[in-house]
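Report on the structure
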Amino acid sequence: MIIKDAQFICSNTQVDKCPQTNLPEYAFIGRSNVGKSSLINMLTNRNKLAKTSSFPGKTQLINHFLINESWYLVDLPGYGWAKVSKDSREKWGKMIRAYMRLRTNLICVFVLIDSRHEPQASDLEFIELLGALEVPFVLVFTKTDKQSAVKTDQNIAAFSRKMRETWEELPQIFKTSSAEKAGRDEILDFIDATNKQ
Ligand code: GDP
């Protein structure tokens, strides 16, 4: 897919204020600092379309971007902030559940996972939530340039082993590096293919 056009449309705290549309939607989410903004900017070939994480005290927003006037890319507020209050955590949970439940045009959630780390409880918990809500998702292992390919594959294998404890089938997996522009075509091809089904 060639990205001809990428426009910021709106930021919302409430799901029912998000664009009313039949266009397909793909959402991106992950732990804070996972490289979500960098990935969105890499995918859309824009330097500053998605802004780097704002601190958890700030309002958590659902950001809609319209791509090629044919699908929405959605930047969802992340999880796993160390110092976030219980109140913010609950607000986030409520917002994310509502988003997953109400966006009937949502095709797939891209769950970003930092490829440098061993399986993290917050990622596994979030994936369990998606499973409970029956939302289709894929995994994106980010920042692969930060270590050897062998180490990346070991961490992915460890994550897959953890998932097999509760999942019969594993989701599709992508490996990306925004620094090296790796994994871009694979993700855009996936969006292209699932868009047309
Ligand atoms: P976000 O909080 O998930 O939106 O993460 P950001 O995109 O702001 O990235 C967090 C930090 O990781 C920044 O310092 C980025 O420059 C860095 N980063 C993000 N992606 C990559 C990557 O693929 N490779 C490397 N080496 N650094 C990255």
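Every chain begins its residue count from 1, and numbering advances along the sequence as written. Reporting of local features is limited, given that this is a predicted model, to residues whose pLDDT is at least 70; pairs of side-chain atoms are given and counted only at 80 or more, and all residues count toward the totals for whole chains, interfaces and linings. With hydrogens and water set aside, each side-chain value is computed from the structure's full complement of heavy atoms.

The element strand S3 (residues 62-67) is largely enclosed, with a buried count of six among its six residues. When a residue's accessible area, from a 1.4 Å probe over protein chains only, is under 20% of the maximum for its type it is buried; when over 50% it is exposed; and in between it is partly exposed. The numbering of helices and of strands both runs from the N terminus, where a helix is a DSSP run of H or I of at least 4 residues and a strand a run of E of at least 2. Every second residue of S3 is oriented toward a common face, with Ile-62, His-64 and Leu-66 on one face and Asn-63, Phe-65 and Ile-67 on the other, all of them buried. Strand pairing follows a simple DSSP-based rule, namely that at least 2 bridges must link the two strands. Bridge analysis of strand S1 (residues 6-12) against S3 gives six bridges, and the strand direction is antiparallel. Residue pairing for S3: Cys-10 is matched across the bridge by His-64. Hairpin connection between S3 and strand S4 (residues 71-75): a loop of three residues separates the two successive antiparallel strands, and Asn-68 in this loop has a positive phi of roughly 50 degrees.

Our next topic: the environment of Ala-179. Inspection of the secondary structure puts Ala-179 in the loop between strand S7 (173-175) and helix H5 (184-195). Exposure remark for Ala-179: the relative accessible area of 65% places this residue in the exposed category. Along the backbone, Ala-179 and Thr-142 are 37 residues apart, and their C-alpha atoms lie at a distance of 10.0 Å.

The next subject is the nonpolar core. Core analysis: the biggest nonpolar cluster contains 32 residues, and Leu-76, Tyr-99, Met-100, Val-109, Val-111, Phe-126 and Leu-139 have the highest contact counts within it. When contributions to this core are tallied by element, the ones reaching two or more residues are strand S2 (25-30), S3, S4, helix H2 (86-102), strand S5 (106-114), helix H3 (121-132), strand S6 (137-142) and helix H4 (149-164). For this core, the element with the highest residue contribution is H2, accounting for six residues. Between two residues, a contact is recorded if the distance between any of their heavy atoms is within 4.5 Å. Not counting residues up to four positions away in its chain, the partners in contact with Val-109 are Ala-27, Ile-29, Met-100, Leu-130, Val-135, Pro-136, Phe-137 and Val-138. Here the nonpolar core consists of buried residues drawn from Ala, Val, Leu, Ile, Met, Phe, Trp, Tyr and Cys, with membership extended through side-chain atoms lying within 4.5 Å. Core analysis: the second largest hydrophobic core is formed by 25 residues, Val-34, Leu-39, Phe-174 and Leu-188 among them.

The next thing to look at is the pattern of salt bridges. By convention in these notes, a salt bridge is any Lys or Arg side-chain nitrogen within 4 Å of a carboxyl oxygen on Asp or Glu. Overall, the coordinates contain seven salt bridges when judged by the stated rule. Close ionic contact of Glu-90 with Lys-86 constitutes a salt bridge, the shortest N to O distance being 3.6 Å. Separated by four residues within a single helix, Glu-90 and Lys-86 lie in helix H2, roughly one turn from each other. Of the residues examined, Lys-86 reaches a relative accessible area of 65% and is grouped as exposed. In this structure, the salt-bridge partner of Lys-143 is Asp-114, at a minimum N-O distance of 4.0 Å. Of this pair, Lys-143 sits in the loop between S6 and H4 while Asp-114 sits in strand S5, placing them 29 residues apart in sequence.

Here we come to the packing of H3 against H4. Close contact between H3 and H4 brings their axes to 11 Å; oriented N to C, the two are set at 45 degrees. Classed by the angle they form, the pair H3 and H4 counts as oblique. H3 and H4 meet at a crossing whose hand is right-handed. For the pair H3 and H4, contact is made by Asp-123, Leu-124 and Ile-127 and by Phe-159, Lys-162 and Met-163, respectively. Working convention: axes come from line fits to C-alpha atoms, limited for helices to the stretch in contact. Angles between N-to-C directions cover 0 to 180 degrees. Convention used here: angles under 35 degrees read as roughly parallel, angles over 145 as roughly antiparallel, angles from 65 to 115 as roughly perpendicular, and any remaining angle as oblique. Working rule for handedness: look at the near helix, and if it is turned counterclockwise from the far one by less than a right angle, call the crossing left-handed; if clockwise, right-handed.

Within the secondary structure layout, Arg-184 lies in helix H5. For this count, His and the chain ends are skipped, Lys and Arg are scored as positive, and Asp and Glu as negative. Here Arg-184 is buried and forms no salt bridge, its nearest opposite-charge partner Asp-185 lying at an N-O distance of 4.2 Å. A polar side-chain atom of Arg-184 sits 3.0 Å from the main-chain carbonyl oxygen of Leu-43. For Arg-184, the residues in contact, after removing those within four places along its chain, are Ile-3, Met-42, Leu-43 and Asn-45. A 3.5 Å cut-off defines polar contacts: any pair of N or O atoms within that distance qualifies, except that in protein one atom must be a possible hydrogen donor and the other a possible acceptor, and neighbouring residues in sequence count only when both atoms are side-chain atoms.

Geometry only, nothing functional implied.
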